[in-house]
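Close look at the chain arrangement
One-letter residues, chain by chain:
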Amino acid sequence: MFQTGEIMNLIAALAVTPLLYIMREALPSWIRSFFIGFFFVVCTDICTVLEGVGWFDLFNTAEHLFYAFAALSFAAGCISLSRQRGIPGETAHDIQRPV
């Protein structure tokens, strides 16, 4: 059985995915882990919808594994971001604030 909210989440995630893919070149290198985490979240949305079609246990397990992979990717991104000190143009510390 399909839930309306699950399908709307999937549609929104699939609409944003191509935009993020196109923008990946214009963004700093440290953000790569966050993109990977987002794609894992999209996979969880796909598994959530497919649970309603069949093979509930398989897709439920895959969904939770993808959530775990997304969490690891976001954590890696946070660690990478915290280590990005002293690289010009790549950190928030390089922003000049008016006095």
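Now for a description of the structure that goes with this document. Everything numeric in this text was worked out from a predicted model, so none of it was measured. (Residues numbered from 1 in each chain as written. Predicted model: local features only at pLDDT ≥ 70, side-chain atom pairs only at ≥ 80, totals over all residues. Heavy atoms only, no water.)

This part takes up a nonpolar patch on the surface. Judged by side-chain polarity, F2, I7, M8, I11, L14, I46, L50 and V53 come together as a nonpolar surface patch covering roughly 700 Å² of accessible area. Structurally, L14 can be placed in helix α1 (residues 4-23). What makes L14 partly exposed here is its relative accessible area of 45%. (Patch = residues over 30% accessible without salt bridge, like charges linked within 9 Å, V, L, I, M, F, W, Y side chains within 5 Å. Areas by Shrake-Rupley, 256 points an atom, 1.4 Å probe, with all protein chains shown as cover. Salt bridge = Lys/Arg side-chain N within 4 Å of Asp/Glu carboxyl O. Helix = DSSP H or I, 4+ residues; strand = E, 2+ residues; numbered from the N terminus. Buried < 20%, exposed > 50% of the residue type's maximum accessible area, 1.4 Å probe, protein only.)

Moving on to the packing of α1 against helix α2 (residues 32-51). Where α1 contacts α2, the two axes come as close as 9 Å, and the packing angle between them is 150°. Relative to α2, the element α1 lies roughly antiparallel. With respect to the hand of their crossing, α1 and α2 are arranged in left-handed fashion. Between α1 and α2, the contacting residues are E6, I7, N9, L10, A13, L14, V16, T17 and L20 on the first element and F35, F38, F39, V42, D45, I46, T48 and V49 on the second. The class makeup of the residues in the contact of α1 with α2 is 12 nonpolar, three polar and two charged. (Axes fitted to C-alpha atoms, helices over the stretch in contact; angles between N-to-C directions. Parallel < 35°, antiparallel > 145°, perpendicular 65-115°, else oblique. Left-handed = near helix turned anticlockwise from the far one by under 90°. Contact = heavy atoms within 4.5 Å. Nonpolar A, V, L, I, M, F, W, Y, C, P; charged D, E, K, R; others polar.)

Attention shifts here to the environment of E63. Looking at where E63 falls in the secondary structure, it is placed in helix α3 (residues 56-82). Look at E63 and you get buried, because its relative accessible area is 10%. Separated by 15 residues in sequence, E63 and T48 have C-alpha atoms that sit 6.6 Å apart. Ignoring sequence-local partners within four residues, the contact set of E63 consists of T44, C47, T48 and E51.

In this structure, T48 sits in helix α2. With near-sequence residues (within four places) excluded, T48 lies in contact with E6 and E63.

A few words on the side chain of S33. Inspection of the secondary structure assignment puts S33 in helix α2. Exposure remark for S33: the relative accessible area of 19% places this residue in the buried category. Ignoring anything within four residues of it in the chain, the contact list for S33 reads S73, A76 and G77.

Here the focus is the packing of α2 against α3. Running from amino to carboxyl end, α2 crosses α3 at an angle of 165°, the nearest separation of the two axes being 8 Å. Relative to α3, the element α2 is oriented roughly antiparallel. Here the hand of the crossing between α2 and α3 comes out left-handed. The residue inventory of the contact of α2 with α3, partitioned by class, reads 18 nonpolar, seven polar and two charged.

What follows covers the packing of aromatic side chains. One pass over the structure, following the stated rule, counts five aromatic pairs. A ring pair is formed by F38 and F39, whose centres lie 5.9 Å apart and whose planes are at 65°; its orientation type is edge-to-face. Accessibility expressed as a relative area gives 22% for F38, which makes it partly exposed. (Phe/Tyr/Trp six-rings, centres within 6.5 Å; stacked < 30°, edge-to-face > 60°.)

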